[in-house]
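# A structural walkthrough
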Amino acid sequence: MGERQLLSTRLSTLVSTVEEFDRLAAEVLPELLDRATGHARRFLRETGQWADDISHEKLALRWGYELLERFLVSGRTEVPCRPFFLLDSIIAKYFSQPEPLCYHKDLLSPLGRFLEGMTSRAVVSRDALMALFYHLYGFSQGQVVRILGLGTVESQRVYKNFERWRQTGWQRAVSESGVSEMELRQIEEDKHRQPERLKAEADRLIRLVQTHYRRSEPEHFPCLTHQKWADLFEQDYDFDYRVWHLAMCRDCLVDVYELRQDELIDIQSPQIDLRLRPLQKGGIVSLFWTQQGGGNGHPGGQSAQRLSRTSA
Amino acid sequence: MDIQEDSQLSAYRERLLEALRHPSRQAREDPGLLQVFVNHECIGTLDCSHADPTLVFASHERPIQTIEIRTEAGLLVGSFCAQDVGAKAVRFPVGRHAIEMSVHTRLDGGIIRMKYQAAKGWRHRLHSAVASFMGGLPGLDQREHAWTRALAVTQVVLALAVLFLVADRVADLAKSQATVVQVSPISIPSNTSQAISSEALALQEQKLVRLMQAQEAALKTLQTQQEEIVQVSRTVEAVAKAQQQLRSNLLTVQQRGADSKGVTPSKLNNLLLAELRNAAAERKQMHQQIQELTAGKEALSSALVALETRNRVLEQNRPPQQSAGPKLASGPDPEKPAVAKATEGAPPSPTAPAQVAEAPRANLSQPFTFWVSFQDGTSEASIEQLIQEIHGRKGQVSAGWYNVEVTLPQPQPPDGFMESLRKAKIVKAVTTSRNIPPGQ
Ligand SMILES: [Zn+2]
């Protein structure tokens, strides 16, 4: 008790240098995380989005973590400051936005958390954004480049994005979203046993998640009409827009695919084809062999199982 | 929750803590493309593979609350949370490199300027070496000998690259243990900081007599205008540079087209188009910058007019016999003096310090309350600014009427003050009805 009080006093006192801020933050990181998590929990409670179970606790923890990460970086620009007050003010500001969290009770399942975790990561990471094309539709980097009609420089970046994602990005995103290895295996099992049911469920959840996170795009990035998409590809501009919007909007992706069908004859139309693990090096080759052997001609369950084993 | 769930949860908590402890924020290599988020929306990127990339962003309606800079992997390398309105300069380290950012936040928007500064590594040293080497080659015709030059450069580059690579690796190895990075608010050179000068002025305002204050403010306005002019000329320079770059890019593209037989006219055309598009985007950015500066200048000149008016009024109210220089009010003087009576038609007199009247002390002042209404469409910010200018204290607001209290020096009647206030562009009407808001 006394120790706790002492800590709280220390965090409420003025920190005057960056070094002091870093040292104190490192010392009391667990307490800071608990405080941030407490704020997230209270927000969920007050907005009627709370239940006493592990998935809600995990959600609160994850948001506490994300907010604390921002505090640790932005606090360094705020010295001299009182750490507790600064943390509280950053969190209060975040929660005062309209719909700050992507909350839906259906998203609390392992599959929901996986999809929400990937998509929320895609908002802040271009690697994750590119990887969405693979995780949701099974497109390889080469196919992504062709569907998006990217130029040489952008294509090279896509390959780098996939590479970084494979090496570290995926692991980090999964770990942060709180989906355990056991849960991943469970989803894979479901996918193997009831592919259609899982696909329908994923389709429904992806729509929920994408609708929420598309709001974080600038206002001048809305869904385009068929004609506007056609112009954009014909006149060959706005790569960023294509990448961002098409990764976050399935309807537009299908629209663009149909528009460019003649050039994409060997690529199947964007269907939900969930992949839980990142695309491995030479993954498409092994995918090809699996397909040949599997005989269903659809890069679905079997191939994903096979790929996932190589990456586990 | 059962025990199993509890342990699952605490394992998750541990993982998150571990991620916070080791964010691998010390990426030493070129960070590639940095994404910039304002209020959690991605508003643009900084391509660090280019030389000195910059980004300017202006928000015209919404205040800037948060700014985040992330690598393509999503790593948070810079985060800024605006705590109040004003200007601030921040420096974020990105591995060995850094981002310098200045933020100006207002109630109704703001401006961000961001610049990535690569650490001067072997590439830079190599570049300088090559440049000086090339500078020493006499009589090379730029166009005709492009290939000769390229060959020469290649040879020098190869030779120097080996040397520098070796040297750099050794140096990096030595440094790799000490890459803990630090953020610190950068010290701002006085000639570029509006924030600091206005803060300093605010402090002085409390101590100086009112005429001195008006003069200081006018001086500040002039300074700011000078700064703006310097900034405009910098922008113009940048535009010129961009144009030059465009020309040289076009030349390069043409050169490439001429030199390689494999390039079809349509490919060449595409390349040219891409270059043109880049240039257009750059020009758009410049244009935006110039617009911002123009708007800023407009605001400044109207502020200057207001100051001049006030100065004139003050001059006219000067008691004829007093002739001390501007003095510091002795002791703490929380009462801010306000504009007093204005005499119609009196010519404005130049304000030489030797003739300046000594301001009345706070104990000679009287509070004066009045109601003021503003022209339709006047923004809250302009209203706040005006009230600040007259050192008023805002009371209740009712049906478009603002109740304001100012401190007028005795024994000046408030008529002159009211008269000068009525002349302000945004003011619709002023009245002294005390208790009931007029028009009710
Ligand atoms: Zn769309």
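Let me sum up the structure you'll find in this document. (Residues numbered from 1 in each chain as written. Chains lettered and ligands numbered in written order. Predicted model: local features only at pLDDT ≥ 70, side-chain atom pairs only at ≥ 80, totals over all residues. Heavy atoms only, no water.)

## Describing the coordination of the zinc ion
All names here are of chain A. So the rule is basically this: Donor criterion used throughout: N, O or S atom within 2.8 Å of the metal, extended to 3.2 Å for Na, K and Ca. Water excluded; incomplete-looking sites may result. Each label reflects the angles at the metal, where four donors whose angles all fall between 85 and 135 degrees are tetrahedral, four or six donors whose opposite pairs open beyond 155 degrees and whose other angles stay between 65 and 115 are square planar or octahedral respectively, and the rest are irregular. Using a 1.4 Å probe on the protein chains alone, a residue whose accessible area is under 20% of its type maximum counts as buried, one over 50% counts as exposed, and one in between counts as partly exposed.
Taken together, the protein ligands of the zinc ion are Cys223 (SG), His245 (NE2), Cys249 (SG) and Cys252 (SG), with distances of 2.0 to 2.4 Å. Here the zinc ion binds four donor atoms, and the angle range of 104 to 114 degrees at the metal identifies the geometry as tetrahedral. Judged by relative accessible area, Cys223 falls into the partly exposed class, the value being 45%.

## Observations concerning the packing of aromatic side chains
What counts, and what does not: Only centres within 6.5 Å qualify two rings of Phe, Tyr or Trp (six-membered ring in Trp) as a pair; their planes then separate them into stacked at under 30 degrees, edge-to-face at over 60, and tilted for everything else. Secondary structure is summarised from DSSP: a helix means a run of H or I of at least four residues, a strand means a run of E of at least two, and numbering begins at the N terminus for each. Whether a charge sits over a ring depends on NZ of Lys or CZ of Arg being within 6 Å of the ring centre and within 35 degrees of the ring normal.
If you walk through the whole model with that rule in mind, you get eight aromatic pairs over all chains. Judged by centre distance (5.3 Å) and plane angle (0 degrees), the ring pair of Trp229 of chain A and Tyr241 of chain A falls under stacked. Highlighted residues: Trp229 of chain A in helix H12 (residues 226-234) and Tyr241 of chain A in helix H13 (residues 239-248), separated in sequence by twelve residues. Here Trp229 of chain A falls in the buried class, since its relative accessible area comes to 0%. Feature note: the residues Phe43, Trp63, Tyr94 and Phe95 of chain A constitute an aromatic cluster, connected by ring pairs. The ring centre of Tyr12 of chain B lies 5.7 Å from the NZ or CZ of Lys58 of chain A, which sits over that ring. Over the ring of Phe233 of chain A we find Arg242 of chain A, and its NZ or CZ is 4.5 Å from the ring centre.

## As for the sheet that holds strand S5 (residues 76-81) of chain B
Where we set the bar: Here the rule is simple: two strands pair whenever DSSP picks up at least two bridges between them. Each axis is a line fitted through C-alpha atoms, and for a helix only the stretch in contact is used; angles between axes span 0 to 180 degrees, taken between their N-to-C directions. Note on definitions: a residue-residue contact is assigned when non-hydrogen atoms from the two residues lie within 4.5 Å.
Sheet architecture is open: four strands sit in the order S2-S1-S4-S5 (chain B), paired in antiparallel fashion. The open sheet has two edge strands, strand S2 (41-47) and S5 of chain B, and neither has a second partner. Each strand axis lies, on average, 15 degrees off the axis of its neighbour in the sheet, ignoring direction. Packing against the sheet, helix H4 (residues 54-74) of chain A makes contact with strand S4 (66-70) and S5 of chain B, and its axis sits at approximately 85 degrees to S5 of chain B.

## Looking at the sheet that holds strand S3 (residues 54-59) of chain B
Residues and elements named next belong to chain B. Ordered in space as S3-S8-S7-S6, the four strands form an open sheet in which the pairing is antiparallel. The sheet is open, and its two borders are formed by S3 and strand S6 (86-94), each paired with just one other strand. Put simply, the sheet's adjacent strands are angled 10 degrees from each other on average, direction ignored. Pairing between S3 and strand S8 (residues 109-117): six bridges, direction antiparallel. Counted as the bridge partner of Ser59 is Gly110 from S8.

## Describing the interface of chain A and chain B
Applicable threshold: Buried area: the accessible surface (1.4 Å probe) lost by two parts on joining, summed over both. Whenever Lys or Arg places a side-chain nitrogen within 4 Å of a carboxyl oxygen from Asp or Glu, that contact is recorded as a salt bridge. In protein, a polar contact requires one atom able to donate a hydrogen and another able to accept it; more generally it is a pair of N or O atoms within 3.5 Å, and residues adjacent in sequence count only if both atoms are side-chain atoms. Each residue gets one of three labels, nonpolar for Ala, Val, Leu, Ile, Met, Phe, Trp, Tyr, Cys and Pro, charged for Asp, Glu, Lys and Arg, and polar for the others, Gly among them.
If you look at the interface, chain A gives 52 residues, while chain B gives 47 residues. Of the roughly 4,300 Å² buried between chain A and chain B, counting both surfaces, carbon and sulfur atoms make up 55%. Our count for the contact surface shared by chain A and chain B stands at six salt bridges. Applying the counting criterion to the chain A and chain B interface returns 16 residue pairs in polar contact (both at pLDDT 80 or more). Top element by residues in the side of chain A that touches chain B is H4 of chain A. It accounts for twelve residues. Per-class residue counts for the side of chain A that touches chain B are 18 nonpolar, eleven polar and 23 charged.

## Things to note about the side chain of Asp88 of chain A
Residue and element names in this part refer to chain A. One can find Asp88 in helix H5 (residues 83-95). The class of Asp88 is buried, set by a relative accessible area of 18%. With residues near it in sequence (within four places) discarded, Asp88 still touches Arg35 and His39.

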